[in-house]
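Each chain is listed here by its residues.
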Amino acid sequence: GGGGGAAMADGDGLVSVDYEVYGKVQGVFFRKYTQGEAKRLGLVGWVQNTSHGTVQGQIQGPTARVRELQEWLRKIGSPQSRISRAEFSNEKKIEALEHKEFQILK
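Residues numbered from 1 in each chain as written. Predicted model: local features only at pLDDT ≥ 70, side-chain atom pairs only at ≥ 80, totals over all residues. Heavy atoms only, no water.

1. Quick look at the UniProt feature "active site" (unreviewed entry) in the protein chain
Stage number 1. The positions UniProt marks with the feature "active site" (unreviewed entry) are Arg31 and Asn49. On the basis of their most widely separated C-alpha atoms, the annotated residues across 19 residues gather in one place, lying no more than 7.8 Å apart.
Stage number 2. Its location among the elements puts Arg31 in helix 1 (residues 30-41).
Stage number 3. For Arg31, a relative accessible area of 25% gives the class partly exposed.
Stage number 4. Residue placement: Asn49 occurs in strand 2 (residues 44-49).
Stage number 5. Not counting the four nearest positions on each side in its chain, Asn49 is found in contact with Gln26, Arg31, Thr54 and Val55. (UniProt positions renumbered as here; feature names shortened; annotations may be inferred. Helix = DSSP H or I, 4+ residues; strand = E, 2+ residues; numbered from the N terminus. Buried < 20%, exposed > 50% of the residue type's maximum accessible area, 1.4 Å probe, protein only. Contact = heavy atoms within 4.5 Å.)

2. So, the sheet that holds strand 3 (residues 55-62)
Backbone-to-backbone hydrogen bonds pair the strands of a sheet. The strands run either parallel or antiparallel.
Stage number 1. Strands sit in the order 4-1-3-2-5 across an open sheet of five strands; the sheet is mixed. Strands at the two margins of the open sheet, each flanked by one partner only, are strand 4 (82-94) and strand 5 (102-104). The sheet shows a mean angle of 15 degrees between the axes of neighbouring strands, direction not considered.
Stage number 2. Where strand 1 (residues 14-24) lies against strand 3, eight bridges are found, and the strand directions are antiparallel. (Pairing = 2+ DSSP bridges. Axes fitted to C-alpha atoms, helices over the stretch in contact; angles between N-to-C directions.)

3. Looking at the pairing of strand 3
Stage number 1. Burial runs high along strand 3: six of the eight residues are buried.
Stage number 2. Here strand 2 pairs with strand 3 via six bridges, running antiparallel. Paired with Gly45 across the two strands is Ile59, which belongs to strand 3.
Stage number 3. Count of turn residues in the strand 2/strand 3 antiparallel hairpin: five residues, of which Gly53 carries a positive phi of about 85 degrees.

Here it is, written out as structure tokens:
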């Protein structure tokens, strides 16, 4: 930790990362809560249910905020969900956000 106003701190760049969350994550408002948490953190991307019982999507935004949502997806989720694990892939630095908002896809 620690404060400091370093303009080029690593937490300031934009990143994009894909995620998939396993466990009891469908039918428990997981997508709605994920969207709410992403909006609270100022992130964009999407979330959707898969045919094999998981929830997947993409997150884009400042690195530090993306880390916060990753932690939330790994440990918290919606109140009734039971997360067994969350996997993240295809993380990359991006120059600009590729989504306008955080959407729930059907």
